[in-house]
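Read off the chains here:
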There are 2 protein chains.
Amino acid sequence: MVLIRTCDLEPFQLTDGVPIMPTTTTMPTETAAQTLTDSGLRSTPQREVIYSILLNKRDHPTADEVYARVKTELPSISLATVYNCLETLVGCNLVRAVNFDREPTRYCPNLRPHAHFHDENLGSTYDIDLPPDLLEQIKAILPPGYNASSIEISFRGHTAPEAAQN
Amino acid sequence: MVLIRTCDLEPFQLTDGVPIMPTTTTMPTETAAQTLTDSGLRSTPQREVIYSILLNKRDHPTADEVYARVKTELPSISLATVYNCLETLVGCNLVRAVNFDREPTRYCPNLRPHAHFHDENLGSTYDIDLPPDLLEQIKAILPPGYNASSIEISFRGHTAPEAAQN
DNA sequence: AATTTATTTGGAATGGTTCTAATTCGCACT
DNA sequence: AGTGCGAATTAGAACCATTCCAAATAAATT
Ligand SMILES: [Mn+2]
Ligand SMILES: [Mn+2]
Ligand SMILES: [Zn+2]
Ligand SMILES: [Zn+2]
């Protein structure tokens, strides 16, 4: 894995030549470290590694799954720190928390407006891109006086085997 | 409160002259007892009272809130039974479980397709009716091979004081 | 280097929900 | 109406994802 930098601002990680970067509407203009310090927080190895783990495998892992993955890089990290870091990353809008019913919270670095599809057979979660016009239509069903700060759309169901997923 | 019966099939509860009934697209054709026995389950006082409590005050109560309300009618009921009954009512599609992030599950007797708005100030939850065509448009964003068995749409935000709620 | 403040850490606590095993109930069949 | 049997209720224990706590460590500031 190699760190590259585009525009002298954005450090992206290369794995097998595939650039890994946060999925934003526009190109990201800040590194995670920048976003953290901009929010008055410190850039720590734990936060950076956890963020990179979310970027590298976007399968919406739970805190436990993140814990298992980060331990290979930071063997002495604690589960409490994983929770703390994930909360911090969510707090500065680098990551989104995704919930399905009462299952453990999952974490997603995709910052574009998108819905989630949860395959009940596989337990897998997929991103479904949300057309901007549809998002507007959905917001439009709210009666006057209802001011939404966030919208969440989630599907449950099954995926056909031929719909090849990552 | 008076129990009335229309069509010799549907027992509705009258509170101050206002008929209380499940909110379905069409008029309900079965009583709760019917739906239960049709599902091979028994109609018990606990199940009936809990269902009537959900119909009478549609504020999306939690299991604890249902417990507090049902105790006035069935003082010896247990919290475990409240959970059991709610699960049973959800299982035979008389009631829907509604989740906001990791908050306690709430329960809703509105069976029409609708979204939920959660007021973060008041902690209140409101039903937002969902136009059928919009529901179709939302389903249409799924790639081929993704078969959704349920869709959930939830808003978080604040309501203006003049948007008078129940 | 010393001080200050933020972060990490292990372990305990929390709280909504589920599980367990005993009791009670509803219902079908005498 | 009484009996038997499976279903439902009950109290309390257990579960488990998450949060809290207080001590240790690390990062920034002086
Ligand atoms: Mn699942
Ligand atoms: Mn709330
Ligand atoms: Zn996602
Ligand atoms: Zn509802």
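Figured I'd write up the structure that's included with this text. Given the structure is predicted, the values throughout are model-derived calculations rather than measurements.

1. Let's talk about the coordination of the manganese ion (ligand 1)
Here comes step 1: Protein-derived ligands of the manganese ion (ligand 1) are Glu103(A) (OE) and His118(A) (NE2), with the metal-ligand distances lying across 2.1 to 2.8 Å. Of this pair, Glu103(A) sits in the loop between strand E4 (96-98) and strand E5 (106-108) while His118(A) sits in strand E6 (residues 114-119), and the two are 15 residues apart along the sequence.

2. Some details on the interface of chain B and chain A
Here comes step 1: Across the contact, 39 residues belong to chain B and 39 residues belong to chain A.
Here comes step 2: When the two sides are added together, the surface that chain B and chain A hide from each other amounts to roughly 3,000 Å², 57% of it contributed by carbon and sulfur.
Here comes step 3: Ranking the residues of chain B by area buried against chain A places Arg102(B), Ile141(B) and Tyr146(B) at the top, with a combined share of 21%.
Here comes step 4: At the boundary of chain B and chain A, one finds 0 salt bridges.
Here comes step 5: For the pair chain B and chain A, the number of links is 18 residue pairs in polar contact (both at pLDDT 80 or more).
Here comes step 6: Among the elements that make up the side of chain B that touches chain A, the one with the highest residue count is strand E8 (residues 146-159) of chain B (14 residues).
Here comes step 7: Residue classes in the side of chain B that touches chain A are distributed as 19 nonpolar, 12 polar and 8 charged.
Here comes step 8: Note that strand E8 (residues 146-159) of chain A and E8(B) share 13 bridges and pair antiparallel. Opposite Ile151(A), over in E8(B), you have Phe155(B) as the bridge partner.

3. Observations concerning the side chain of His114(A)
Residues and elements named next belong to chain A.
Here comes step 1: Relative to the helices and strands, histidine 114 is located in strand E6.
Here comes step 2: Take histidine 114: its relative accessible area is 9%, and that puts it in the buried class.
Here comes step 3: Polar side-chain contacts of histidine 114 include one of 2.7 Å to the backbone oxygen of arginine 112.
Here comes step 4: Side chain to side chain, histidine 114 and histidine 116 meet in a polar contact 3.0 Å long.
Here comes step 5: Contacts of histidine 114, omitting those with residues within four sequence positions, involve Cys108, Asp127, Ile128, Asp129 and Leu130.

4. Quick notes on the coordination of the zinc ion (ligand 4)
All names here are of chain B.
Here comes step 1: Coordination sphere of the zinc ion (ligand 4), protein contribution only: His60 (NE2), Cys108 (SG), His114 (NE2), His116 (NE2) and Asp127 (OD), at 2.0 to 2.4 Å.
Here comes step 2: We note that the donor set of the zinc ion (ligand 4) lies within a single chain, spaced as H-x47-C-x5-H-x1-H-x10-D. Highlighted residues: histidine 60 in the loop between helix H2 (45-56) and helix H3 (63-71) and cysteine 108 in strand E5 (residues 106-108), separated in sequence by 48 residues. Exposure class is identical for histidine 60 and cysteine 108. Each is buried.

5. Overview of the protein's contact with DNA strand D
Here comes step 1: Taken together, 19 residues lie around DNA strand D, and Tyr83(A), Thr105(A), Arg42(B), Thr44(B) and Thr81(B) are the ones closest in.
Here comes step 2: For DNA strand D, the fraction of protein-proximal atoms (within 4 Å) that sit in sugar or phosphate groups is 76%.
Here comes step 3: Side-chain polar atom of Gln46(B) to a sugar or linking oxygen of DNA strand D: 3.2 Å apart, as the coordinates give it.
Here comes step 4: Within the side chain of Arg102(B), an N or O atom sits 3.4 Å from a phosphate oxygen of DNA strand D.
Here comes step 5: Those elements that provide at least two residues to the surface near DNA strand D are helix H4 (79-91) of chain A together with H2 and helix H4 (79-91) of chain B.
Here comes step 6: Considering only residue class, the surface near DNA strand D consists of 7 nonpolar, 7 polar and 5 charged.

6. Digging into the environment of Glu73(B)
All names here are of chain B.
Here comes step 1: You can see glutamate 73 is positioned in the loop between H3 and H4.
Here comes step 2: Since its relative accessible area comes to 44%, glutamate 73 is described here as partly exposed.
Here comes step 3: Each C-alpha atom, one on glutamate 73 and one on isoleucine 53, is 9.9 Å from the other, the two residues being 20 residues apart in sequence.
Here comes step 4: Non-local contacts of glutamate 73, meaning those with residues more than four positions away in its chain, are made with Val49 and Ile53.

7. Remarks on the relation of the copies chain B and chain A
Here comes step 1: Screw-axis analysis of chain B against chain A gives a translation of 0.0 Å along the axis, an RMSD of 0.0 Å, and a rotation angle of 180 degrees. With respect to symmetry, the two chain copies, as superposed, fit the operation of a two-fold axis. Scanning chain B for the C-alpha nearest the rotation axis identifies Ile153(B), at a separation of 2.3 Å.
Here comes step 2: Looking at the interface residues of chain B, 100% of them are also at the interface in chain A, so both copies use one shared face.

8. Examining the pattern of salt bridges
If charged atoms from side chains of opposite charge come close, those side chains can pair.
Residues and elements named next belong to chain A.
Here comes step 1: Applying the stated rule across the entire model yields 16 salt bridges over all chains.
Here comes step 2: Linking arginine 112 and aspartate 129 is a salt bridge whose minimum nitrogen-to-oxygen distance equals 3.4 Å. Of this pair, arginine 112 sits in the loop between E5 and E6 while aspartate 129 sits in strand E7 (residues 125-129), and the two are 17 residues apart along the sequence.
Here comes step 3: One network of salt bridges, with partners in common, ties together Asp101, Glu103, Glu120 and Arg156.

9. A word on the protein's contact with DNA strand C
Here comes step 1: Around DNA strand C, the structure places 18 residues, and the nearest of them are Thr44(A), Arg47(A), Thr81(A), Tyr83(B) and Thr105(B).
Here comes step 2: Here Gln46(A) contributes a side-chain N or O atom positioned 3.2 Å from a sugar or linking oxygen of DNA strand C.
Here comes step 3: One of the side-chain N or O atoms of Arg47(A) is found 2.8 Å from a phosphate oxygen in DNA strand C.
Here comes step 4: Elements with a contribution of two residues or more to the surface near DNA strand C: helix H2 (45-56) and H4 of chain A together with H4 of chain B.
Here comes step 5: Take the surface near DNA strand C: its biggest share by element is 4 residues, from H4(A).
Here comes step 6: Looking at the surface near DNA strand C residue by residue, the class counts come to 7 nonpolar, 7 polar and 4 charged.

The rules behind these values
- Residues numbered from 1 in each chain as written.
- Chains lettered and ligands numbered in written order.
- Predicted model: local features only at pLDDT ≥ 70, side-chain atom pairs only at ≥ 80, totals over all residues.
- Heavy atoms only, no water.
- Donors = N, O, S within 2.8 Å, 3.2 Å for Na, K, Ca; no water.
- Helix = DSSP H or I, 4+ residues; strand = E, 2+ residues; numbered from the N terminus.
- Contact = heavy atoms within 4.5 Å.
- Buried area = accessible area lost by both parts, 1.4 Å probe.
- Salt bridge = Lys/Arg side-chain N within 4 Å of Asp/Glu carboxyl O.
- Polar contact = N/O pair within 3.5 Å; in protein donor to acceptor, adjacent residues only side chain to side chain.
- Nonpolar A, V, L, I, M, F, W, Y, C, P; charged D, E, K, R; others polar.
- Pairing = 2+ DSSP bridges.
- Buried < 20%, exposed > 50% of the residue type's maximum accessible area, 1.4 Å probe, protein only.
- Near = heavy atom within 4 Å.
- Least-squares fit on C-alpha atoms with pLDDT ≥ 70 in both.

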